[in-house]
Structures are given as C-alpha cells and as structure tokens.
Amino acid sequence: TIRSVQAFEILDSRGNPTLTVRMTLEDGTEAFASVPSGASTGIHEAVELRDGGARFQGKGVQTAVRHVNEIIAPQVVGMSAGDQADVDHVLQSLDGTMQKSRLGSNALLGVSMAALRAAAVSRRVPLYRYIGGAQATTLPVPLLNVLNGGAHADNNVDIQEFMIVPAGAGTFSEAMRMASETYHALKALLKSQGLRTAVGDEGGFAPDLRSDTEALDLLLKAIQTAGLEAGKDIVLALDVAASELYREGTYHVGGESKTAKDMVEWYRTLVEAYPIVSIEDGLAEDDWAGWSDLRQQLGDRIQLVGDDLFVTNPTRIVRGIEENVANAVLIKLNQIGTVSETLEAIHRTHRAGWQAIVSHRSGETEDTTIADLTVGVNGTQIKTGAPARSERVAKYNRLLLIEADDPSLEYAGWEAFHR
Ligand code: PGA
Ligand code: ZN
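On a predicted model such as this, the values are computed, not experimentally measured, just so you know. (Residues numbered from 1 in each chain as written. Chains lettered and ligands numbered in written order. Predicted model: local features only at pLDDT ≥ 70, side-chain atom pairs only at ≥ 80, totals over all residues. Heavy atoms only, no water.)

Looking at helix H11 (residues 339–351)
Stage number 1. In this model, H11 (13 residues) spans 18 Å end to end at C-alpha, consistent with the 18 Å of a helix rising 1.5 Å per residue.
Stage number 2. Within the sequence span of H11, burial applies to Val339, Glu341, Thr342, Ala345, Ile346 and Thr349.
Stage number 3. Just past H11, the residue Gly353 takes up positive phi, approximately 80°. (Helix = DSSP H or I, 4+ residues; strand = E, 2+ residues; numbered from the N terminus. Expected span 1.5 Å × (residues − 1). Buried < 20%, exposed > 50% of the residue type's maximum accessible area, 1.4 Å probe, protein only.)

Here it is as structure tokens:
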C-alpha cells in the first residue's frame, strides 16, 4: 500500500531539470524513479511540462513537481503499488487530456515508474522478474550509437545516429566487450585522421565528416581494427530521424531535395553496400504512404523501426500494423507517459510479430528501469547509447549484473533479426 509520493527537481545528463519521484509503502519499502527527456522529439509525443520563464532557461519542472505532490499524491496514497493498471488509470483520468498536457507526462511517468519499482522491491524480486515472471528468458542485443550526424552534430552527415550491433557475440557481456573495443578503435582512428573525438549527448562521436558513406566506412574500419569482422561479429543500424530532414513535402539530404521514393532507393544502395540490419525513422513522422512503400521495398530484408512515427502510442502502432508500414517499434516510456500504456504498446507490437526495441532518450539519468523492462518483456534489442558516459553505461551495467545473476537468460544474438 502506497504511504507517500513525493517528487523532486533534479538534473539530467544535459544539466537540464527533470523529475525524480520517491514512493514509500506501508511495509517500509522506498523506491525512486527518474524521468528522461528527448531532444529530437516527435510531434505526436505526450507533452513534457516545463515551467517557462527565466529560471533554467524556461526548462524548470517545479509545476510538474507540484502536480505530483499536490494533485497526484493524495489520489494514489492508499492504493496498492502492485496494481499498476489502476494507478495508471488514476493518473490518466486526473490528467484528462490526449497528450498528457495538463499535469505533464513527466509528472505522470515519474509516479507510474515509481509504483513499478516499489512493487518489485516490496515483493523482493528483481524488477525484470516482477515485470516478466518466468517468461523472461532473453538478454537483448545492444544497439550502440557511436557516430552522430543530423541535428545531433555540426557536420555534413544527414543521418542522426550510426549504431554498432554486436549480434554475433555469444553472450551479452561478450557483446559489450566487442562494442567497447570497437568504440575505442574508432576513437583512435578518428584521432589518427585529425578528427574530433569529443562526444555528443548519447556518448557517440561527432567528427566533421564529409558524407554519410564516410561515416559508414569509418565504422567498418574501426570494427576491423578491433580485430572483429563486420557482418559476422558486428553489424550496423541507423537512425535517420528523417522528420528532421523533412520540410515542405521533401527530404533534404546531401544538399538535394528527395522524394520518399528517392529516400527508399538511397536506403537500398546503403543496404547493398554495408552490413546494415536496421533503419529507424527512414521517413517522416506523418509520411504513412512513404512508410508503406519503404516496408514493401525493404521490409523483408531489414528491420524498419518507427520512433517519431509511432511515439510508443498504441493507437498509432495499431494503425501501423494494419497498414503494414514497418516491422519494429521503438519504445520510450516518456513518449506515452505511463508504464501500462508502454506495456500495451509492447504487447501489441509483439503480437503482430514485430520487434519492440526499448530505448533511452538523449537526456537521461542514472535510472536503469529500461534495462529491466527490456528483459521483462523479452525484448531482443535495447538502444541506450555508446559504451561511455555513466547515464548510458548504467543501463548496460544493469544488464551485465542481470546476466551474471541469472544464467537461465539467453543472449538474443542473431535471433533478434530473424524475419
Ligand atoms: P531523442 O532522440 O531522445 O533526443 O528524442 C533519440 C532518437 O531519435 O531516437
Ligand atoms: Zn529515433
């Protein structure tokens, strides 16, 4: 039974304010949950409440904190933390809007996640077991963002994120070793070419490169330098974040205007030239017709992931499944605002035979809930940044500990990409 709920304004990995929520239960349990924050957000996402004004350049969350302490807390105190659906239902009806704009998705999610974490602590089971029970059997393949372009970098690269994917590893810890070795080989390679090695918000490098193919070639070289084989040990994944490239009906890439069809043909040439297994947000968030064509052209060969397209919203995911526009969904808790709706999004995705990839945001905290969530729902992939920066590594480290504690869990490996 929930005894108290209290929110606090803390800082995220960018130094911007976010919420942490402390929940205590009548049995003495205490649990914390912290809320992440995106930068290249989809327009259909749940609304993150910011104070405005001068304080923290307008990014303060004191209003959201007050909403937790004064409006939400009195209603959920006395409920059972284990009744996640009931708690989330109260949160949704207290807010009462489609996009959680009244109380703020950050206020709602902090309480929702704190209930999840508190219930697991109270039952003395690891969070992933609390979520998945005996059905949790899989450790995910990590998708590690190591090179950046697009809105995330100041260079001539259009694609926002280049990820390495150690699908050929035998275990999760071996995957992390391969990823770390490749990351360091890439750093040395950049240095030797006189390129910048400063890292972006997600820990990836953002050197001044001339083109997207130069970025892909660098990755292949780094994998090789690390003594690994591209296509066998490590494959590649892209997040194009194409909504950011889309203006007035066309995609702006490499100084040219491209139609959705041109974009699909561009991806076809990339997929033929490089060991790419997954492309996220290849087209813009409302280009349903373009997505449908992309799925028809490339969906049998590679994974096509909707992030801004679906925004973890069950309604948009159902439409996407009906219209067959993708074959995977990126899952971000704060895009939808409650744990229950996130679980519904994942279950609908899995029921269609699609992959659900649990993801961090570019603004993160030390909270590791997404690591347990991935394992709990048998997610075969997790996207949580480079193997560097503590807010990214915290999630990988949690998975390393889960692997060490529970030998019954199996690394997904290539199974993650079977179609
Ligand atoms: P965000 O970006 O967390 O800044 O929205 C990451 C992504 O596009 O996947
Ligand atoms: Zn994305």
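Some words on the UniProt feature "binding site: Mg(2+)" (unreviewed entry) in the chain
Stage number 1. As recorded in UniProt, the sites labelled "binding site: Mg(2+)" (unreviewed entry) are Asp239, Glu280 and Asp307. In terms of the greatest pairwise C-alpha distance, the residues named above, spread along 69 residues, form a tight cluster of at most 9.1 Å across.
Stage number 2. Non-local contacts of Glu280, meaning those with residues more than four positions away in its chain, are made with Met163, Leu238, Asp239, Val240, Ala241, Val305, Asp307, Leu330 and Lys383.
Stage number 3. In this fold, Asp307 is placed in the loop between strand E12 (303–306) and helix H9 (314–323).
Stage number 4. Dropping the residues within four chain positions of it, Asp307 is found in contact with Asp239, Glu280, Asp281, Leu330, Lys332 and Gln335. (UniProt positions renumbered as here; feature names shortened; annotations may be inferred. Contact = heavy atoms within 4.5 Å.)

Notes on the sheet that holds strand E5 (residues 141–148)
Stage number 1. Taking strand neighbours around the barrel as the criterion, the eight strands line up as E5-E6-E7-E11-E12-E13-E14-E15 in a closed arrangement whose pairing is mixed. Shown here is a sheet whose adjacent strand axes are inclined to one another by a mean of 30°, direction ignored.
Stage number 2. Here three bridges tie strand E14 (residues 355–359) to strand E15 (residues 381–383), and the two strands are oriented parallel to one another. Residue pairing across strands places Ser359 opposite Lys383, the latter belonging to E15. (Pairing = 2+ DSSP bridges. Axes fitted to C-alpha atoms, helices over the stretch in contact; angles between N-to-C directions.)

Some remarks on the site of ligand 1
Stage number 1. Taken together, 14 residues sit near ligand 1, with Ala39, Ser40, Arg361, Ser362 and Lys383 positioned nearest.
Stage number 2. Measuring from an oxygen atom of ligand 1, one finds a side-chain N or O atom of Glu280 at 3.3 Å.
Stage number 3. Isolated, ligand 1 exposes 280 Å² of accessible area, and the fraction of that covered by the protein chains is 100%.
Stage number 4. Residue classes in the shell around ligand 1 are distributed as one nonpolar, five polar and eight charged. (Near = heavy atom within 4 Å. Polar contact = N/O pair within 3.5 Å; in protein donor to acceptor, adjacent residues only side chain to side chain. Areas by Shrake-Rupley, 256 points an atom, 1.4 Å probe, with all protein chains shown as cover. Nonpolar A, V, L, I, M, F, W, Y, C, P; charged D, E, K, R; others polar.)

So, the sheet that holds strand E3 (residues 30–34)
Stage number 1. On the basis of which strands lie adjacent, the open sheet formed by three strands has the order E1-E2-E3 and antiparallel pairing. Only two strands of the sheet have a single partner each, and these edge strands are strand E1 (2–11) and E3. Strand after strand, the sheet turns through a mean of 20° between neighbouring axes, direction not considered.
Stage number 2. Strand direction decides the pairing type here: E1 and strand E2 (residues 17–25), joined by nine bridges, are antiparallel. Each residue of the ladder has a partner; that of Ala7, found in E2, is Val21.
Stage number 3. The strands that helix H3 (residues 105–122) touches are E1, E2 and E3; relative to E2, the one it contacts most, it runs at about 35°.

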